[in-house]
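# A closer look at the structure
Single-letter residue listing:
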There are 2 protein chains.
Amino acid sequence: MPWLAQTPKNAVVNEICDRIWLAVVQRTLRPGTRLKEEDLAEIFGATRARVRQALALLEQDGLVTLSPNRGACIAEPGIEEARDAFATRLHVEQRLVTRLCGKITPAQVATLRTHVARERAAHQAADSEAMIRLSGEFHMLIATLAEGELLHRILRTLTIRTSLITAMYQAKAAQTCGPDEHGRIVDAIAAHDEVAAIAEMTHHMQHLEAELDLSDRAQPTSGLRKALLGRG
Amino acid sequence: MPWLAQTPKNAVVNEICDRIWLAVVQRTLRPGTRLKEEDLAEIFGATRARVRQALALLEQDGLVTLSPNRGACIAEPGIEEARDAFATRLHVEQRLVTRLCGKITPAQVATLRTHVARERAAHQAADSEAMIRLSGEFHMLIATLAEGELLHRILRTLTIRTSLITAMYQAKAAQTCGPDEHGRIVDAIAAHDEVAAIAEMTHHMQHLEAELDLSDRAQPTSGLRKALLGRG
DNA sequence: ACAGGCAATATTGTCAACGTTTTTGTCAAC
DNA sequence: GTTGACAAAAACGTTGACAATATTGCCTGT
């Protein structure tokens, strides 16, 4: 049940989007990779029209770039864009946490705790796909409980983009945020401790960003001009 | 030169989106109106595929709702969604203004002043289309100068949605925000006065929201059940 | 006369084929 | 030996037609 689905109208298209996203965050698909419509159509056993719809959606989410008459590539956000994404997402997450602290119910706390428990289980089982999915889902769950349809949508896009950036710039393989930090966030929210919750969330996001290599040399994988020339 | 264009790849699709948006904010198209693909195709002299693309984009922006096998309607955001949209947009605008205050240059101030002047001209000429366009463009210009690609995109969506809400719930006909308030915002930004700029922007947005009739009785125009029955 | 089901119509969803643009490989001229 | 243009191939964009689905009007049975 992927949290990617924005409008669960067409299962096939969502499936394609989900697979591509998963391949990107699992680093199976490297940024800059060209995505030929026909190949994707054959791979997923779908028609080209469906693939085209999926690519259009993924472009909206900033996961692929769509050039006219050139086709689709996995997007390659630059360093500036990476920082922008994290900064914006941090801001949104802070606001969501603030909201949620004010109106959290015991039942909602239980929901969050259950989710973190599932994350822990996936972590111990070393199920990387589940870890990735649940990690993202945790933040979306906060947005859902905070009850802001728009903020929810915004966070969804930002989460997708930061996922891509993490897969792109993170040196070490262990990319998914550990369940412990999520647990601490839940604790603070459950205690209605707004400042602590914001602090934990901020720490969490900064931890994520700190693990990236956003130095200048870490240029986009397939920048070509930037990769070969000294980023003129 | 519509600020609606998110990806200026296809002129025809953008044209369609722009026209529909304009018709909505000008209250020519009422919320709930069904948009038949074939009719739109004939109206705009385009093919149905193009219309379909445009509708998909407009759905992303929350301007139309797309039901499977039912087609497209102009969206009818409820009161909760309306408040949500204004609250979210206010927050984003505040952040943008804060950012811009820190790094505004004289040239950028000049750009803003020029824009406000154009707004004033349109206001005096009673050119309603230009007023609407320029009003939205002003806020997008702030986002552009503030240099946050993501916030820019977010504000764009929020502006579109608040436009729809304004057209939907505003009682009086004079809907576009007057140039004076924009002028005061620019003054505060030009003076690097962060608190004043935020205050002006907040006042501006609250003024916009205050002119709406968001009482419970003001149900969506074409709610059918809600419109005919006493909102059971 | 009314309710329920059935068929006709209208509208959207899907697909396969065609035209256009870009890319790449080749060849001739300098 | 290199450069430039040209042609072949591949990929995308577009079109039109066909199938699936929802709505509407009608008809029959009670």
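A few words on the protein's contact with DNA strand C. Close to DNA strand C lie 16 residues, the nearest being T47, R50 and R70 of chain A together with K36 and R48 of chain B. If you look at DNA strand C and keep only atoms within 4 Å of the protein, 76% of those are sugar or phosphate atoms. Here a phosphate oxygen of DNA strand C and a side-chain polar atom of K36 of chain B are 2.8 Å apart. In this structure, a phosphate oxygen belonging to DNA strand C sits 3.3 Å away from a main-chain N or O atom of E37 of chain B. For the surface near DNA strand C, the elements supplying multiple residues, two or more each, are strand 1 (34–35) and helix 3 (48–60) of chain B. Class assignment for the residues of the surface near DNA strand C results in two nonpolar, six polar and eight charged.

This next bit is on the pairing of strand 3 (residues 71–74) of chain A. Residues and elements named next belong to chain A. Side chains of strand 3 alternate between two faces, with A72 and I74 buried and G71 and C73 left unburied. Inspection of the sheet shows strand 1 (residues 34–35) paired to strand 3 by two bridges, in the antiparallel sense. Looking at the pairing, L35 lines up with A72 of strand 3. Hairpin remark: strand 2 (residues 64–67) followed by strand 3, antiparallel, with three residues in the connecting loop; positive phi at N69, about 60 degrees.

Within the structure, DNA strand D sits among 16 residues, and K36, R48 and R52 of chain A together with T47 and R50 of chain B are positioned closest to it. Sugar and phosphate atoms form 76% of the subset of DNA strand D atoms that lie within 4 Å of the protein. Backbone polar atom of E37 of chain A to a phosphate oxygen of DNA strand D: 3.4 Å apart, as the coordinates give it. Here a base nitrogen of DNA strand D sits 2.8 Å away from a polar atom, N or O, in the side chain of R48 of chain A. For the surface near DNA strand D, the secondary-structure elements that each account for two or more residues are strand 1 and helix 3 (48–60) of chain A together with helix 3 of chain B. By residue class, the composition of the surface near DNA strand D is three nonpolar, five polar and eight charged.

So, on to the relation of the copies chain A and chain B. Between the two copies, chain A and chain B, the superposition gives an RMSD of 0.0 Å; the rotation angle is 180 degrees and the shift along the axis is 0.0 Å. Expressed as a symmetry operation, the mapping of one chain copy onto the other fits a two-fold axis. Of the C-alpha atoms belonging to chain A, the one lying closest to the rotation axis is found on I154 of chain A, 3.6 Å away. A share of 100% of the interface residues of chain A reappears at the interface of chain B, consistent with the copies meeting face to face through the same patch.

Let's shift gears to the side chain of D61 of chain A. As for its placement among the helices and strands, D61 of chain A is situated in the loop between helix 3 and strand 2. Residues contacting D61 of chain A, with those up to four places away along its chain left out, are Q6, R156, T157, I160 and R161 of chain A.

All right, on to the sheet that holds strand 3 of chain A then. Residue and element names in this part refer to chain A. With antiparallel pairing, the three strands of this open sheet are ordered in space as 1-3-2. Unpaired on one side and paired on the other, strand 1 and strand 2 mark the two borders of the sheet. As judged from the four bridges shared by strand 2 and strand 3, these two strands associate in the antiparallel manner. The residue bridging L66 from the neighbouring strand is A72, located in strand 3.

Our next topic: the packing of helix 4 (residues 79–103) of chain A against helix 7 (residues 149–169) of chain A. All names here are of chain A. Interhelical geometry of helix 4 versus helix 7 gives an angle of 140 degrees and a closest axis separation of 9 Å. When the axis of helix 4 is compared with that of helix 7, the two are oblique. The chirality of how helix 4 crosses helix 7 is left-handed. Across the interface between the two elements, I79, E81, A82, A85, F86, T88, R89, V92, E93, R95, L96 and R99 of helix 4 pack against L151, I154, L155, L158, T159, R161, T162, I165, T166 and Y169 of helix 7.

In this section: the packing of helix 5 (residues 106–124) of chain A against helix 6 (residues 128–146) of chain A. All names here are of chain A. Contact pair helix 5 / helix 6: the axes reach a minimum separation of 9 Å and the direction vectors enclose 170 degrees. Judged by the angle between their axes, helix 5 and helix 6 are roughly antiparallel. Every residue of helix 6 that contacts helix 5 at Q108, T111, L112, H115, V116, R118, E119, A122 and H123 is listed here: A130, M131, L134, S135, E137, F138, L141, I142 and L145. Of the residues belonging to the contact of helix 5 with helix 6, the class tally is 10 nonpolar, five polar and three charged.

Following the sequence through the fold, R27 of chain A ends up in the loop between helix 1 (11–25) and strand 1. Sequence separation between R27 of chain A and M168 of chain A is 141 residues; the distance between their C-alpha atoms is 7.9 Å.

Thresholds, definitions, all that
Residues numbered from 1 in each chain as written. Chains lettered and ligands numbered in written order. Predicted model: local features only at pLDDT ≥ 70, side-chain atom pairs only at ≥ 80, totals over all residues. Heavy atoms only, no water. Near = heavy atom within 4 Å. Polar contact = N/O pair within 3.5 Å; in protein donor to acceptor, adjacent residues only side chain to side chain. Helix = DSSP H or I, 4+ residues; strand = E, 2+ residues; numbered from the N terminus. Nonpolar A, V, L, I, M, F, W, Y, C, P; charged D, E, K, R; others polar. Buried < 20%, exposed > 50% of the residue type's maximum accessible area, 1.4 Å probe, protein only. Pairing = 2+ DSSP bridges. Least-squares fit on C-alpha atoms with pLDDT ≥ 70 in both. Contact = heavy atoms within 4.5 Å. Axes fitted to C-alpha atoms, helices over the stretch in contact; angles between N-to-C directions. Parallel < 35°, antiparallel > 145°, perpendicular 65-115°, else oblique. Left-handed = near helix turned anticlockwise from the far one by under 90°.

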